[in-house]
Protein chains: 2
Amino acid sequence: MKLLFQHVTAVLMDRDRRVLSNAFVAVEEGRITAVGTEKPAGSFDRVIDGRGGLLMPGLVNCHTHTAMTSMRGYGDGHDLHTWLNDYIFPVEDRWDDRAIRAAADLGLMEMIASGTTCVADMYMRMPVVGKAIAQAGISANLCNGAIFFGEDFSPAACGDCAKQEELFSAWHGYDRGRIRVDAALHAEYTSTPALWEWIADFAKSKGIGMHVHISETQKEHEQCKASRGKTPIQALAERGVFDVRAIAAHCVFTERSDWDIMAQKGVTAVHNPCSNLKLGSGVAPIPGLLKAGVNVALGTDGVSSNNDMDMFEEMKLAAILQNGVHQDPLALTAWDALEMATVNGARALGRETGQIAVGKDADLILLDPDAPNLIPCHDAANNIAYAAHGSNVKLNMCRGKVIYENGEFLTIDRERILAEVRQYTIPLLFGK
Amino acid sequence: MKLLFQHVTAVLMDRDRRVLSNAFVAVEEGRITAVGTEKPAGSFDRVIDGRGGLLMPGLVNCHTHTAMTSMRGYGDGHDLHTWLNDYIFPVEDRWDDRAIRAAADLGLMEMIASGTTCVADMYMRMPVVGKAIAQAGISANLCNGAIFFGEDFSPAACGDCAKQEELFSAWHGYDRGRIRVDAALHAEYTSTPALWEWIADFAKSKGIGMHVHISETQKEHEQCKASRGKTPIQALAERGVFDVRAIAAHCVFTERSDWDIMAQKGVTAVHNPCSNLKLGSGVAPIPGLLKAGVNVALGTDGVSSNNDMDMFEEMKLAAILQNGVHQDPLALTAWDALEMATVNGARALGRETGQIAVGKDADLILLDPDAPNLIPCHDAANNIAYAAHGSNVKLNMCRGKVIYENGEFLTIDRERILAEVRQYTIPLLFGK
């Protein structure tokens, strides 16, 4: 299948931040094969006329828990402790595979309709989530965040160690790497140095990446310093956790010394501004991280603390939040936010996505040229970062395959999933 | 025309924060005539089945500059001074009535499609904006922000005084009060005490409200204190500016003593979180204002500093921003944000809107029951404040008249306006 986008405003997300007007982008066998302002030679099975609309790389959501979509708003309005212990954890005890699958599909619908083409998902029962991702068509780095509290760690004593192996065997490399598996530690405060060493070795032995929650709350950050005499980043780095490609979700309370370690080891900070604000965690020090040379990507976090999956919303919040908090209208720019949501996310996940360039994965989204909220378009990056909504996505292409177009899902049966969530998942989880 | 909404989840926005499941809401002659869980007697010209979707009061955008929509993103990425002087002001010099009308229509399309039913608009050439509002069908409090820098104030010397009179004569009371006119002062720092006294007397003599920008930036707030020995709120209050129903836009740097004056005089603070963050102004002290008993409403500000008109986005940002900044997940709740966007806005503008109750204006919006991002719905307020997008609005009714439904504008010719903006307004303003 050879496909051509024509008459698009192509936001390349290259180093020079080029935007090509009236551009052509050709796609074949899952990859971008031509980009330019001249029509490429040859015939195409399908030509999509963008009528001047913005064509950009699909968005990379670098930290979420897709199946938690079924807990949207559940237990909101309580403090963090009550929310987790009285609402989230008891519900999580009730999951079965069927419910996880439907909840993952619900989250995927929301992601796909709002322009996400690649996701890093950390949750439980992940082999089932893998099935949902496989069918939906987007790319994903899946992981199962390991937790172990005991003194007497052994891989056999920690159920999550077996789950890392199981997930890796089931899904790593599926569909030419569309699905990959990363190793994962839930967090410093829910594990022990023995597990850190095991998980670091596991990741190295498999040649995969690492995904960890880092310094999301002031309490966990300060308690780590008090008990271990070092920050979570320092503590985990010492045990080799960051010796592989690694993403650190949140980083709200990371410090200058952490940033140096992250920059040196190539650890990506995943900024989740909606969740961090909503839960009262705080505002991550993004300008500091960027200045220190840390790769910063963007995530929605789980819907239970967001409460949606719209990466455009996340991009806008990232772009404006630092300006306000630092009283500096230039603290973060539209381009900064756009890079966080695309090319930086690709780097975080070790993927050839997030850019419109020959040889890259054909992960592309086309925005509606007639959406009133995108008119006028004085500057493409400004319109994307500050004015666009997920609902402006007319077409979502993952690895060369159109999976969503004009409101229709082409890989997910929308009606069946909505019915399944309403009739099975919600009654199972919430008894109603 | 008698109209009935049935099988809706009605978010009443009453004092008890009631949400009625499987509810009926009847509408006749522009007003709500019945609300309850029993079907009202009588026959109806049209029955709209909400299929369990959320029916809520239309959103009240209490501070914007609608026609600035045509400057979306123009000059972004510069500091405030450069942005205003090198971009916004030169463009504003080029306006003509035809361009203002098309730009206002563009902004109205965006507002209507995202659920706004009432707006407070301060800008220039306002009689033309009145024409756009009259046709579009929403309610509006229009005003022309007066500016005067000279020492020798007289109503004749200040062109904006005549404009207040002209706007009042042209539009105040139109269509049974659907359009009203308020007096307006641009700001303390762009005017003099003599103008303040004139405008206060003008508002009192006409029996209308007042609209002023207040303490948006730290600089203007501190300069006022340095030069006048008092805050903008204190300075204007002394000259009678707040002796009528009044709305104070921004209030980012207002202080405890200001809040007491505002609470005592019934001045509404209009929170514009997107704009305040984007421009690097800061974070308004909303929990303090609310605790002091000040009515707090919500606005998008102009698109040139937002850069969109989606009040759902504004509501979400309002709801989560204070939590993050104060590191308290309960600093502001979903209900607080919802009240700011509806019933508090109605109070600010002196209107019978913002609630679903018998006798109120039938300003109602219906959300899509099958939008994946609104499923599940554990709590209506949470879903509205945290998860809903403007694009979830299936139907917008203003004063009993459906003006938008399933993506179609029923009062505005979408194609004509988009063409007019593209072919006339943009070339005129930006020379391209």
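Residues numbered from 1 in each chain as written. Chains lettered and ligands numbered in written order. Predicted model: local features only at pLDDT ≥ 70, side-chain atom pairs only at ≥ 80, totals over all residues. Heavy atoms only, no water.

1. Some details on the pattern of salt bridges
Residue and element names in this part refer to chain B.
No. 1: Scanning the entire structure with this criterion turns up 54 salt bridges over all chains.
No. 2: For the salt bridge of E197 with R239, the shortest nitrogen-to-oxygen distance reads 2.8 Å. Of this pair, E197 sits in helix α6 (residues 193-206) while R239 sits in the loop between α8 (232-238) and β12 (246-250), placing them 42 residues apart in sequence.
No. 3: For E197, a relative accessible area of 36% translates into the label partly exposed.
No. 4: Judged by relative accessible area, which is 33%, R239 ranks as partly exposed.
No. 5: D361 is paired through a salt bridge with R399; the nearest N and O atoms lie 3.6 Å apart. (Salt bridge = Lys/Arg side-chain N within 4 Å of Asp/Glu carboxyl O. Helix = DSSP H or I, 4+ residues; strand = E, 2+ residues; numbered from the N terminus. Buried < 20%, exposed > 50% of the residue type's maximum accessible area, 1.4 Å probe, protein only.)

2. Describing the state of the cysteines
Cysteine pairs can be linked by a disulfide, which is a covalent bond between their two sulfur atoms.
No. 1: In this structure the tally under the stated criterion is 0 disulfides over all chains.
No. 2: In this structure C377 of chain A is not part of a disulfide, and its nearest cysteine sulfur, from C274 of chain B, lies 18 Å away.
No. 3: C161 of chain B takes part in no disulfide bond, and the closest cysteine sulfur, belonging to C158 of chain B, lies 3.7 Å away.
No. 4: Using a relative accessible area of 2% as the deciding quantity, one classes C161 of chain B as buried. (Disulfide = S-S within 2.5 Å.)

3. Points about the pairing of strand β15 (residues 364-367) of chain B
Residue and element names in this part refer to chain B.
No. 1: Residues L364 and L366 point to one face of β15 and I365 and L367 to the other, with burial holding for every one of them.
No. 2: Summarising the sheet, strand β5 (residues 54-57) and β15 pair through 3 bridges and their orientation is antiparallel. The residue of β15 that forms the bridge with M56 is I365. (Pairing = 2+ DSSP bridges.)

4. Digging into the sheet that holds strand β7 (residues 116-122) of chain B
All names here are of chain B.
No. 1: The strand order β6-β7-β8-β9 describes an open sheet built from 4 strands, whose pairing is parallel. Since the sheet does not close on itself, it has two edges, and those belong to β6 (59-64) and β9 (179-181), each with one partner. Mean inter-strand twist for the sheet, computed between neighbouring axes without regard to direction, equals 15°.
No. 2: Pairing analysis gives 4 bridges linking β6 to β7, with the strands arranged parallel. By the bridge assignment, T64 is partnered in β7 with D121.
No. 3: This element, helix α4 (residues 159-171), spans β8 (139-143) and β9 of the sheet and lies at about 155° to β9. (Axes fitted to C-alpha atoms, helices over the stretch in contact; angles between N-to-C directions. Contact = heavy atoms within 4.5 Å.)

5. Here's the deal with the interface of chain A and chain B
No. 1: Taken together, the contacts link 62 residues of chain A with 62 residues of chain B.
No. 2: Counting each side, the surface lost to burial between chain A and chain B is near 4700 Å², with a carbon and sulfur contribution of 60%.
No. 3: Across the contact surface, chain A and chain B share 6 salt bridges.
No. 4: With a shortest N-O distance of 2.4 Å, K316 of chain A and E313 of chain B are connected by a salt bridge.
No. 5: Seen at the junction of chain A and chain B, the total is 29 residue pairs in polar contact (both at pLDDT 80 or more).
No. 6: For the side of chain A that touches chain B, the secondary-structure elements that each account for two or more residues are α2 (97-113), α10 (273-278), α12 (311-325), α15 (380-387) and α16 (414-430) of chain A.
No. 7: The residue makeup of the side of chain A that touches chain B, split by class, is 27 nonpolar, 21 polar and 14 charged. (Buried area = accessible area lost by both parts, 1.4 Å probe. Polar contact = N/O pair within 3.5 Å; in protein donor to acceptor, adjacent residues only side chain to side chain. Nonpolar A, V, L, I, M, F, W, Y, C, P; charged D, E, K, R; others polar.)

6. Quick notes on the nonpolar core
No. 1: In this structure, F242, F312 and L367 of chain A together with F242, F312 and L367 of chain B are the most contacted members of the largest nonpolar core, which totals 250 residues.
No. 2: Beyond its immediate sequence surroundings of up to four residues, F242 of chain B is in contact with V212, I214, I233, L236, A237, K265 and V267 of chain B. (Core = buried A, V, L, I, M, F, W, Y, C linked by side-chain atoms within 4.5 Å.)

7. Let's talk about helix α7 (residues 218-228) of chain B
Residue and element names in this part refer to chain B.
No. 1: All of the buried residues along α7 are E220, H221 and C224. All buried residues of α7 fall inside an arc of 100° around its axis, so they share one side. Turned more than 90 degrees from where α7 packs its buried face, K219 and A226 sit exposed.
No. 2: The inward-facing, buried residues of α7 abut β11 (210-214), α8 and α9 (256-265).
No. 3: One or two residues past the end of α7 sits G229, with phi positive at roughly 75°. (Arc of directions from axis to C-beta.)

8. Topic: the sheet that holds strand β8 (residues 139-143) of chain A
Remark on secondary structure: sheet strands pair via backbone hydrogen bonds, oriented parallel or antiparallel.
Residues and elements named next belong to chain A.
No. 1: Read from one edge of the open sheet, 4 strands run β6-β7-β8-β9, paired in parallel fashion. The sheet terminates laterally at β6 (59-64) and β9 (179-181), the two strands that pair on one side only. Averaged over all pairs of adjacent strands, the angle between their axes in this sheet comes to 15°, without regard to strand direction.
No. 2: Here 3 bridges tie β8 to β9, and the two strands are oriented parallel to one another. Across the sheet, L142 pairs through a bridge with V181, a residue of β9.
No. 3: Strand contacts of α12: β6 and β7 (116-122), with the helix running at about 85° to β6, the strand carrying the most contacts.

9. A word on the side chain of Q164 of chain B
All names here are of chain B.
No. 1: In this fold, Q164 is placed in helix α4.
No. 2: Taking relative accessible area as the criterion, Q164 reaches 2% and is therefore assigned buried.
No. 3: One polar contact links the side chain of Q164 to the main-chain carbonyl oxygen of N144, over a distance of 2.5 Å.
No. 4: Not counting the four nearest positions on each side in its chain, Q164 is found in contact with N144, G145, A146, D182, A183, A184, W198, I199 and F202.

10. Remarks on the packing of aromatic side chains
Geometry of an aromatic ring pair is reported as the spacing of the ring centres plus the angle between the planes.
No. 1: If you walk through the whole model with that rule in mind, you get 15 aromatic pairs over all chains.
No. 2: Considering the side-chain rings of W95 of chain A and Y123 of chain A, the 6.2 Å spacing of their centres and the 85° angle between planes classify their relative orientation as edge-to-face. With W95 of chain A in the loop between α1 (80-92) and α2 and Y123 of chain A in the loop between β7 and α3 (126-136), the pair connects residues that are 28 residues apart, well separated along the chain. The pair formed by W95 of chain A and Y123 of chain A is uniform in burial state, with each residue classed as buried.
No. 3: Above the ring of F44 of chain A, the side-chain terminus of K2 of chain A is found at 5.5 Å from the ring centroid.
No. 4: Note that K278 of chain A overlies the ring of Y386 of chain B, its terminal NZ or CZ placed 4.4 Å from the centroid. (Phe/Tyr/Trp six-rings, centres within 6.5 Å; stacked < 30°, edge-to-face > 60°. Lys NZ or Arg CZ within 6 Å of the ring centre and 35° of its normal.)

11. Thoughts on the relation of the copies chain A and chain B
No. 1: Aligned on chain B, chain A shows an RMSD of 0.0 Å; the corresponding rotation is 180° and the shift along the axis is 0.0 Å. With respect to symmetry, the two chain copies, as superposed, fit the operation of a two-fold axis. Minimal C-alpha separation from the rotation axis in chain A is found for S391 of chain A, amounting to 3.2 Å. (Least-squares fit on C-alpha atoms with pLDDT ≥ 70 in both.)

12. Overview of unusual backbone geometry
All names here are of chain B.
No. 1: Going from N306 to N307, the amide bond is cis rather than trans, its omega being 10°.
No. 2: Its location among the elements puts N307 in the loop between β14 (296-298) and α12 (311-325).
No. 3: For N22, which is not a glycine, the phi torsion comes out positive at approximately 45°.
No. 4: Looking at the element boundaries, N22 is found in strand β2 (residues 19-28).
No. 5: N22 sits in the partly exposed class, given a relative accessible area of 45%.
No. 6: Backbone geometry places C251, a non-glycine residue, at a positive phi of 60°.
No. 7: Inspection of the secondary structure puts C251 in the loop between β12 and α9.
No. 8: Given a relative accessible area of 0%, C251 falls into the buried group.

13. Topic: the packing of α3 of chain A against helix α4 (residues 159-171) of chain A
All names here are of chain A.
No. 1: Running from N to C, α3 and α4 point in directions that differ by 20°, and their axes come no closer than 9 Å. With respect to their mutual orientation, α3 and α4 come out roughly parallel. Where α3 crosses over α4, the handedness of that crossing is right-handed. Between α3, through M126, P127, G130, K131 and A134, and α4, the contact on the second element is made entirely by E166, L167 and W171.
No. 2: Looking at side-chain class alone, the contact of α3 with α4 contains 5 nonpolar, 1 polar and 2 charged residues. (Parallel < 35°, antiparallel > 145°, perpendicular 65-115°, else oblique. Left-handed = near helix turned anticlockwise from the far one by under 90°.)

14. Some words on α3 of chain A
No. 1: The buried fraction of α3 of chain A is high, at 8 of 11 residues.
No. 2: Buried residues of α3 of chain A: M126, V128, V129, G130, A132, I133, A134 and A136 of chain A, and no others.

15. Focus: empty space enclosed by the protein
No. 1: Tallied over the entire structure, the rule returns 3 cavities of 30 Å³ or more.
No. 2: Considering only enclosed or pocket space, the largest cavity measures out at about 120 Å³ in volume.
No. 3: As for the largest cavity, its lining consists of 14 residues, and the residues nearest its centre are D76, G77, H78 and K278 of chain A together with P329 of chain B.
No. 4: Each pocket or cavity is described by its volume, and for the second largest cavity that value is around 90 Å³.
No. 5: Forming the boundary of the second largest cavity are C274, E313, K316, L317 and I320 of chain A together with C274, E313, K316, L317 and I320 of chain B.
No. 6: Elements with a contribution of two residues or more to the lining of the second largest cavity: α12 of chain A together with α12 of chain B.
No. 7: Its residues assigned to classes, the lining of the second largest cavity shows 6 nonpolar, no polar and 4 charged. (1 Å grid on protein atoms, 1.4 Å probe; cavity = no way out; pocket = protein on both sides within 12 Å on 5 of 7 lines; lining within 4 Å. Points joined across faces, edges and corners; volume = space filled by probe spheres on them.)

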